[in-house]
2 protein chains.
Amino acid sequence: SLSRDLDPALLEDFMNQVEAARIGQNLKDLSSKPHMATTKGDEELVQLILKAWRDPQTGLDSATEGQYEVFLSFPDPEKPNSVAVVMENGSQAFISQETEKNLTADQADRDVVKPYAAYAPPGNPKGKLVYANQGKMSDYEYLVQQGIDLNGTIAITRYGGAGRADKAINGAKFGVVGVVVYTDPGDINDGKASATETYPYSWYLPPSGVERGSYNSHFGDLLTPYYPAKGFTYRIPEDQITGIPPIPTQPIGFEDAKTLICNLAGNPVAEAAWQGALGCVYHLGPGFRQDGLFSNASEVQVNVHNYRRINTSSNVMGLIRGSVEPDRYVLYGNHRDSWVHGAIDPSSGTAVMLEISRVLGKMVKEGKWHPRRSIIFGSWGAEEFGLIGSTEYTEEFYSKLQQRSVAYINVDIAVFANATLRAQGTPPAQSVIFAAAQQVKTAAADSSPSVYENWKQHFSRNSSVYGIIPSLGSLGAGSDYASFIHYLGITSMDIAYTYDRSKTSARIYPAYHTAFDTFHYAEKFIDPGFTSHQTVARTAGNVLMRLADALILPLNVSDYGETLQQMYSVAREVFQADLMHHNISLDPLWAAIDRFQAAAAGLNQRIANLREEANPSPLDVRMVNDQLMLLERAFLNPRAFPEKYYYSHVIMASRSSSLATFPGLADAYDNAKEDGQWGEVHKQLTIVIQAIENAASILEPVAE
Amino acid sequence: SLSRDLDPALLEDFMNQVEAARIGQNLKDLSSKPHMATTKGDEELVQLILKAWRDPQTGLDSATEGQYEVFLSFPDPEKPNSVAVVMENGSQAFISQETEKNLTADQADRDVVKPYAAYAPPGNPKGKLVYANQGKMSDYEYLVQQGIDLNGTIAITRYGGAGRADKAINGAKFGVVGVVVYTDPGDINDGKASATETYPYSWYLPPSGVERGSYNSHFGDLLTPYYPAKGFTYRIPEDQITGIPPIPTQPIGFEDAKTLICNLAGNPVAEAAWQGALGCVYHLGPGFRQDGLFSNASEVQVNVHNYRRINTSSNVMGLIRGSVEPDRYVLYGNHRDSWVHGAIDPSSGTAVMLEISRVLGKMVKEGKWHPRRSIIFGSWGAEEFGLIGSTEYTEEFYSKLQQRSVAYINVDIAVFANATLRAQGTPPAQSVIFAAAQQVKTAAADSSPSVYENWKQHFSRNSSVYGIIPSLGSLGAGSDYASFIHYLGITSMDIAYTYDRSKTSARIYPAYHTAFDTFHYAEKFIDPGFTSHQTVARTAGNVLMRLADALILPLNVSDYGETLQQMYSVAREVFQADLMHHNISLDPLWAAIDRFQAAAAGLNQRIANLREEANPSPLDVRMVNDQLMLLERAFLNPRAFPEKYYYSHVIMASRSSSLATFPGLADAYDNAKEDGQWGEVHKQLTIVIQAIENAASILEPVAE
Ligand SMILES: [Ca+2]
Ligand SMILES: [Ca+2]
Ligand SMILES: [Zn+2]
Ligand SMILES: [Zn+2]
Ligand SMILES: [Zn+2]
Ligand SMILES: [Zn+2]
């Protein structure tokens, strides 16, 4: 029937069929070999996923491969990158390790890519070493304030605090000619730094582990912003790429970093916040102290032999056709490519996706279930190089995705750690995630707490509407949801299991982007038994089924009202005095939010009435659902931030300001405090008001 | 029922009830007084329309007023603008007439605004006069080639050939300090220039008639591009406005122009294409010939006292609520404001709109009819100053208009002349306009030809699909449809009655934008008996009812395929050789068009199948209609032409090139021929391909 609602029995059936062991097997299959984007290992997984989705018993209605010609960056296999100490006489006093030590055999795989900074240019700059903390602008400024001349220096920086590329982009502004990046055991290992305290003896990063990564600030294929990277596509000249390191940059492990940092000269020592856990007092440099391993005249040389090339990257797309509204899409995706074996990142997510698609596919093939709406699964390529596969997909199909997508669910790293759910999303996602989390148990016993309760124990907030509830995080641009929410304005969410923050302060799970992110690591230290994987699969699958099958979409748009009100409170508290001084009133912003909240409440009332109807008209249901689905689109303004690629969501765009408020307004305010451009503040305020007024008009009765 | 289709009997009922006499009475009421935007006359018409749409017997479901604070330009009532000849001794040898001669009493109304060039800056520049033809770039270049130094000159130009503002913008680039614009009797009067051959003795423009107009290149409120001009809205500084005259500019009548031009010095005489019908041989200047009315030392002074101010302008919006799909909007509008009495422009259109809304309102109030979809009528304010009311409306409600609008119908000047229908629109509009035109007769007799047949007699083309059919024109930005089609990508059309081109070559009806555009003029010379008005009302109302009531939207999207193919043929013929030379292939463009055509044919087949179903599912119908409605949106790319305000429709945007092909591609090609930027050509080609591929994907089966 056109008015059939979600069947709770089918939901239960789904959850019961999700098997931890199968997820474990998926993970083993997916992470048995390195599968960096566009390599043979990646191509094998394309075939593995196509096969799964075309399985006659448990496959989907269809599965296809979408290909793009994308701009990538690799180290030269013949000429290893390195960071060296070169003495005055030209001879080499030290050279960094080429790659991770072979601790569990996996690291010896010939397809392990040696550590490098993707998109960093080749070159061999040499200079005195300085320690620049996290490579933030303020870090370099601090060094200059200390009287250090940065011109011609090599900066060593630790991961964290700033984007990867920013460490080099910032440094170059100060005359730095090369950048070394390392992982400080204080940031990643709760201070543990010895071989016996780290993997394979614990989950902590061994001294030789190096975090690889893409060093770029914009996502999507760098040569084709806004266009799908097809054969016919115009590509910008390479020299017009922005947001990548202008100078050679190389990551190293903390064993090597210790040799460099612990021998630095310079007085005074680095301030307390800059100190780490290498086991010595960090000095700033420049250069080495005379009484250390190296002579003071020694310099550091960064040797980078990266090259760039265009390769073919694949997305694998799987479809379950909607039975009632096939033109409504619930999207679920994760990237497939890793840096090395990628057991956790991304294969934990792909293992979960394959289990969800197996169970749903089986229900479809058995004729038990035909979802109301279409479900589209995406296994994205080349995420590690900058969310490329998912971005190109949204560029290729922007019209139909914008018109028809209900929501996008992302599960990348499914399990960072096995303590609690962690979810991010825009406000309308909160209601459906909560509903799912309340229905899933954290363990098999009937008495075990729900995912929701456990989550609330770990991360909660005091909502002005609901009281104490789990805290839904906001979406940045850390995984493939970025183009869905920021470019297309599709309600998006990211779901994972994560840490008990009372037990670790690790910046991320320690093996992240290293050759130690292996099946063995996952099985032994992250999620023995794969029960957290199972919990994530049940939760994300539950969300997916609700979005695909509920008669009325389970997106509570009034939750946007709370977020807007919070943002407004911050804006009023921090900006209002200055704004009044420049004749800019926040009252119209408040009026818009007030209108939005009234409109959302009114819509919720009409939905409640509709639910009470015995036989709601299918068109009345569709009309309400269109309001719910398309609300998020009203916050898009492609002209709001012309300098920020893809960021069009006026409420959720990135910001430089640390304030949790309207991003355009906050950044314009910070700038105006510097340069007096209060007109820009008024302009950004106008953009926010216009967006909220438009959003309100989407929720108001459709013909008034 | 949810699947009720259009009732032909109701269509007939509507057409029978449309009365010519009532349209005549409407026109009399609307044009009895001058009603320039935001004046008292305009405000009275706001009330008149609100009253009509709130009438208990014949009104609509609701009527509201929407207000904007818009940036306008007016002449100083105390200090008349003029064009004067000033002798060497400083005394005045000639001054232009302040306004039109009083020929039919209407011209003596105290509210007649004196001729001026809206947005031209005030000033009193003085210099030697040159004749610059139409003020195109090529015209000024030609003068320079003739050895004329344009620095410090006043240029007199005739209307036509270039946009109003361009005559001054172009001239200023050559050092021209002031511009005079006049209407040449050769362009507007079929050469007739004497008082006894012109109004009130014929429809031709009297010697004192002056075309007023807005001298701007961008539409919408000039201070608030992309934002609704509300109280809260950021406004750009006035000095950042682009596209308006940088130098004082003033329009005059041809009686005064004759005095200036026929006394010009200069050899050789202007070339044949520059000659007009003032009754003398046109010389180029500079300055006056010694043996004429003025001494050669005499200069021309342009005296402009215009001022700019922000006024409140109203749109009046009327609504008939849809009974089945209230969230689908069929929009119908016209501007309300005129330059003077505006009997033809715009009141002929408003008189038609009020008759359509009266008949439909009556059918609704009598309970005879409740349209499937909502109908929204708009009486726009301040169109004459640059389509301001309609543009601000689209800026205020862009989200819901983009999501929900089926089409926009514009009837501005309903009757230019009484010979034939003239329609413009994007390709999907063709089918519904043809259907309506075939159903409406040109006269009362049963034997009289249909509007369609008569139209085909006057304007036809040989379609590769249909053979000889009436020629649907394409939409520029000449009236209030501009922001609907170019900014929001809503299928739009403009409908009118117009000239028999074998009888006149007038650029436009001669009284256009003058004080002679009166009810008397309309009744006596344009449409005695208002039968053409009646025909337009029947045709446009028929289109409106079909769009509002047809079960399946009567928009034939496959007609876009023919247009794309025509554009492709031109591109291939003209560009291909050069493109191949620069390694740019048109093959992917053809592949995209081919895909589009196949997708459109497939959709049409599925629609045909759906029509055969006895009881089509309401959701199946809705899904197909969404494809038809939203196709046009797929051609939007807000990043395609960032320098062209509002133009986002990749296929229909404005272009400088004279070639009827893809505008971005054509202009980039022309530029590349000059500056060698073939990358820009490839980029624009990519944008077109991406848009057509997206459009095709909208028409393809929704879940494949
Ligand atoms: Ca791209
Ligand atoms: Ca505006
Ligand atoms: Zn990942
Ligand atoms: Zn990653
Ligand atoms: Zn008009
Ligand atoms: Zn006009």
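Residues numbered from 1 in each chain as written. Chains lettered and ligands numbered in written order. Predicted model: local features only at pLDDT ≥ 70, side-chain atom pairs only at ≥ 80, totals over all residues. Heavy atoms only, no water.

1. Observations regarding the state of the cysteines
All names here are of chain A. Going through the model one piece at a time under the given rule, you end up with two disulfides over all chains. Each disulfide pairs two cysteine sulfurs, and for Cys 262 the partner residue is Cys 280, the sulfurs being separated by 1.9 Å. Handedness here is read from the sign of the S-S torsion; for Cys 262 and Cys 280, about -80°, the answer is left-handed. Taken as a pair, Cys 262 in the loop between α7 (254-261) and β11 (299-303) and Cys 280 in the loop between α7 and β11 lie far apart in primary sequence, 18 residues in all. (Disulfide = S-S within 2.5 Å. Helix = DSSP H or I, 4+ residues; strand = E, 2+ residues; numbered from the N terminus.)

2. Observations concerning the coordination of the zinc ion (ligand 3)
Residues and elements named next belong to chain A. Taken together, the protein donors to the zinc ion (ligand 3) comprise His 335 (NE2), Asp 345 (OD), Asp 412 (OD) and Asp 412 (OD), at separations of 2.1 to 2.4 Å. One can describe the site at the zinc ion (ligand 3) as irregular: its four donor atoms subtend angles covering 56 to 145° at the metal. Counting the intervening residues between successive donors of the zinc ion (ligand 3) yields the motif H-x9-D-x66-D. A separation of 3.5 Å is found between the zinc ion (ligand 3) and the zinc ion (ligand 4), which are bridged by Asp 345. (Donors = N, O, S within 2.8 Å, 3.2 Å for Na, K, Ca; no water. Tetrahedral: all angles 85-135°; square planar, octahedral: opposite > 155°, others 65-115°.)

3. Brief notes about the packing of aromatic side chains
According to the stated counting rule, one finds 92 aromatic pairs over all chains in the structure shown. Taking the centre distance of 5.9 Å and the plane angle of 80° together, the rings of B:Tyr131 and B:Trp274 count as edge-to-face. With B:Tyr131 in strand β6 (residues 129-131) and B:Trp274 in the loop between α7 (254-261) and β11 (299-303), the pair connects residues that are 143 residues apart, well separated along the chain. On the accessibility criterion, B:Tyr131 (0% relative accessible area) is buried. In textbook terms, an aromatic cluster arises when at least three aromatic residues are bridged by ring pairs, as seen for A:Tyr199, A:Trp203, A:Tyr204, A:Phe416, A:Tyr499, A:Tyr509, A:Tyr512, A:Phe516, A:Tyr521 and A:Phe525. (Phe/Tyr/Trp six-rings, centres within 6.5 Å; stacked < 30°, edge-to-face > 60°. Buried < 20%, exposed > 50% of the residue type's maximum accessible area, 1.4 Å probe, protein only.)

4. Re the coordination of the calcium ion (ligand 1)
Residue and element names in this part refer to chain A. Taken together, the protein ligands of the calcium ion (ligand 1) are Thr 224 (O), Thr 224 (OG1), Tyr 227 (O), Glu 392 (OE), Glu 392 (OE), Glu 395 (OE) and Glu 395 (OE), with distances of 2.2 to 3.1 Å. Counting residues between consecutive donors of the calcium ion (ligand 1) along the chain gives the motif T-x2-Y-x164-E-x2-E. With Glu 392 and Glu 395 both in helix α9 (residues 388-396) and three residues apart, the pair spans about one turn of that helix. On the accessibility criterion, Glu 395 (0% relative accessible area) is buried.

5. With respect to the confidence of the model for chain A
Here chain A averages 97 in pLDDT, while 100% of its residues score no lower than 70. Across the whole predicted complex the pTM is 0.97, and at the interface the ipTM reaches 0.96. (pLDDT = per-residue confidence, 0-100.)

6. Re the interface of chain A and chain B
On the chain B side, the residues contacting the 55 residues of chain A number 56 residues. Across the chain A to chain B interface the summed buried area is about 5,000 Å²; carbon plus sulfur atoms make up 58%. Three residues stand out in chain A for area buried against chain B, namely A:Phe232, A:Leu619 and A:Arg639, and they jointly supply 15% of the buried area on that side. Our count for the contact surface shared by chain A and chain B stands at four salt bridges. Between B:Asp626 and A:Arg622 there is a salt bridge, with its nearest N and O atoms 2.8 Å apart. For the interface between chain A and chain B, the tally reads 28 residue pairs in polar contact (both at pLDDT 80 or more). Of all the secondary-structure elements, those providing two or more residues to the side of chain A that touches chain B are β13 (325-335), α9, α10 (398-404), α18 (618-630) and α20 (678-699) of chain A. A per-element tally of the side of chain A that touches chain B places α20(A) first, with eleven residues. Residues of the side of chain A that touches chain B, tallied by class, amount to 27 nonpolar, 13 polar and 15 charged. (Contact = heavy atoms within 4.5 Å. Buried area = accessible area lost by both parts, 1.4 Å probe. Salt bridge = Lys/Arg side-chain N within 4 Å of Asp/Glu carboxyl O. Polar contact = N/O pair within 3.5 Å; in protein donor to acceptor, adjacent residues only side chain to side chain. Nonpolar A, V, L, I, M, F, W, Y, C, P; charged D, E, K, R; others polar.)

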